[in-house]
Amino acid sequence: MTMAEGAASSVDLKSLVRTIPDFPKLGIAFRDITTLLADRDGFRGLLDQMVDVARPLDVDLVVGIEARGFILGAAVAAELGTGFVPVRKPGKLPGPTVSVDYVLEYGSDRLEMHEGQIRPNARVLLVDDLIATGGTALAAAQLLREQGAHTTLALFAIDLPDLGGTATLKRQGIPVHSIITFDGH
Ligand code: AMP
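Residues numbered from 1 in each chain as written. Predicted model: local features only at pLDDT ≥ 70, side-chain atom pairs only at ≥ 80, totals over all residues. Heavy atoms only, no water.

A.B. asks: Mind showing me how you'd approach helix α6 (residues 135-146) here?
C.D. replies: Note on helix geometry: an α-helix contains 3.6 residues per turn, so any two residues three or four positions apart are oriented the same way. Here α6 is twelve residues long and its end C-alpha atoms lie 16 Å apart, about the 16 Å a rise of 1.5 Å per residue gives. Taken together, the buried positions of α6 are occupied by A137, A139, A140, A141, L143 and L144. Tucked into the core, α6 has its buried residues touching β3 (61-65), β5 (97-103), β6 (108-114), β7 (123-131), β8 (150-159) and α7 (165-171). At the exit of α6 stands G148, carrying a positive phi of roughly 85 degrees. (Helix = DSSP H or I, 4+ residues; strand = E, 2+ residues; numbered from the N terminus. Expected span 1.5 Å × (residues − 1). Buried < 20%, exposed > 50% of the residue type's maximum accessible area, 1.4 Å probe, protein only. Contact = heavy atoms within 4.5 Å.)

Laid out in structure tokens, this is it:
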């Protein structure tokens, strides 16, 4: 182990996440991972833990959810030696897409992915920064399922278990793992 690796393994990841009250709206405690990403040992430590969980699964592909899921998902994919496919908000991808609509607390939203980038029966690692209600991850998993792929694991930096997303995904048969947990909303 190098000195940098030693420092990364001992860093308190949770303390590097900044909480911004009332962002993007009143009552939301925004868990901001940019402070963790900006810290050399924090980023390395988080990545090491995510890769340790994912490596034994031998996935074919990493799929990351816009936008912070791109940062973590691409880094994990590079470590695992797999490809990376982005799931994006509507209208961002230039090529033909497949999409899924999903319901939010107020209204609905859509996720898109380029068609033809998921092989049928692919074992996929789904990555995002945070799971709250699980609506976003569930929609992404549905998009993968519709293309014949399996969400082998949904992997997050942060879980807000009180919002129920992890339980919802597990009820749907989707394995879930998160590195850091925050109680409350
Ligand atoms: P959900 O679909 O409710 O599980 O929400 C997860 C998505 O919304 C993820 O892409 C997160 O980046 C974002 N998100 C939801 N709640 C928060 C929060 N409290 N802090 C930071 N990001 C959040």
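That covers the picture; the talk isn't over yet.
A.B. asks: For this particular structure, what's the right way to read the site of the ligand?
C.D. replies: In the vicinity of the ligand, 14 residues are found, and the nearest of them are D128, D129, T133, G134 and T136. Between the ligand and R68, the relevant distance is 2.7 Å, taken from an oxygen atom to a side-chain nitrogen or oxygen of the residue. Against a free-state accessible area of 490 Å², the protein chains account for coverage of 82% of the ligand. More than half of the atoms belonging to the ligand lie within 2 Å of the grid points that define the largest pocket. At four residues, the largest contribution of residues to the shell around the ligand is made by β7. (Near = heavy atom within 4 Å. Polar contact = N/O pair within 3.5 Å; in protein donor to acceptor, adjacent residues only side chain to side chain. Areas by Shrake-Rupley, 256 points an atom, 1.4 Å probe, with all protein chains shown as cover. 1 Å grid on protein atoms, 1.4 Å probe; cavity = no way out; pocket = protein on both sides within 12 Å on 5 of 7 lines; lining within 4 Å. Sits in = over half its atoms within 2 Å of the grid points.)

A.B. asks: Got a minute to help me understand the packing of aromatic side chains in this structure?
C.D. replies: How two aromatic rings sit relative to each other is given by the distance of their centres and the angle of their planes. Using the criterion set out here, one finds two aromatic pairs in the structure. Both rings, one in F23 and one in F30, keep their centres 5.2 Å apart while their planes meet at 90 degrees; by these two values the pair is edge-to-face. Ring plane angle 85 degrees and centroid distance 6.2 Å describe the contact between F70 and F84, whose orientation is recorded as edge-to-face. With F70 in helix α5 (residues 68-80) and F84 in strand β4 (residues 83-87), this pair connects stretches of sequence that are 14 residues apart. Above the ring of F182, the side-chain terminus of K14 is found at 4.9 Å from the ring centroid. (Phe/Tyr/Trp six-rings, centres within 6.5 Å; stacked < 30°, edge-to-face > 60°. Lys NZ or Arg CZ within 6 Å of the ring centre and 35° of its normal.)

A.B. asks: I would appreciate a short explanation of the sheet that holds β4 in the present structure.
C.D. replies: Backbone hydrogen bonds are what pair the strands of a sheet, in a parallel or an antiparallel way. As summarised here, the arrangement of the five strands in space is β4-β3-β7-β8-β9, forming an open sheet in which the pairing is parallel. Each having just a single partner strand, β4 and β9 (176-181) make up the two edges of the open sheet. In this sheet, adjacent strand axes meet at a mean angle of 20 degrees when their direction is disregarded. Its contacts with the sheet place helix α4 (residues 40-54) against β7, β8 and β9, and it is angled at close to 155 degrees to β8. Each of β3, β4, β7 and β8 touches α5; the most contacted strand, β7, lies at about 140 degrees to it. (Pairing = 2+ DSSP bridges. Axes fitted to C-alpha atoms, helices over the stretch in contact; angles between N-to-C directions.)

A.B. asks: Which parts of the structure should I look at to understand the side chain of Q147?
C.D. replies: Among the structural elements, Q147 can be located in the loop between α6 and β8. Take Q147: its relative accessible area is 17%, and that puts it in the buried class. Residues in contact with Q147, not counting those within four places in the same chain, are V98, M113, I118 and P120.

A.B. asks: Sorry, what's going on with the pairing of β6 here?
C.D. replies: One face of the sheet, then the other: side chains in a regular strand alternate in exactly this way. As judged from the seven bridges shared by β5 and β6, these two strands associate in the antiparallel manner. The residue of β6 that forms the bridge with D101 is R110. Remark: four residues form the turn of the hairpin made by β5 and β6, two consecutive strands paired antiparallel; G107 in that turn has positive phi of roughly 90 degrees.

A.B. asks: Help me understand the layout of surface pockets in this model?
C.D. replies: Empty space among the atoms becomes visible once a probe the size of a water molecule is rolled across them. Taken as a whole, the largest pocket spans an internal volume of roughly 1300 Å³. Lining the largest pocket are 34 residues, and of these I28, L104, L130, A132 and T136 lie nearest its centre. Elements with a minimum of two residues in the lining of the largest pocket: β2 (29-32), β5, β6, β7 and α6. Considered class by class, the residues forming the lining of the largest pocket number 19 nonpolar, six polar and nine charged. (Points joined across faces, edges and corners; volume = space filled by probe spheres on them. Nonpolar A, V, L, I, M, F, W, Y, C, P; charged D, E, K, R; others polar.)

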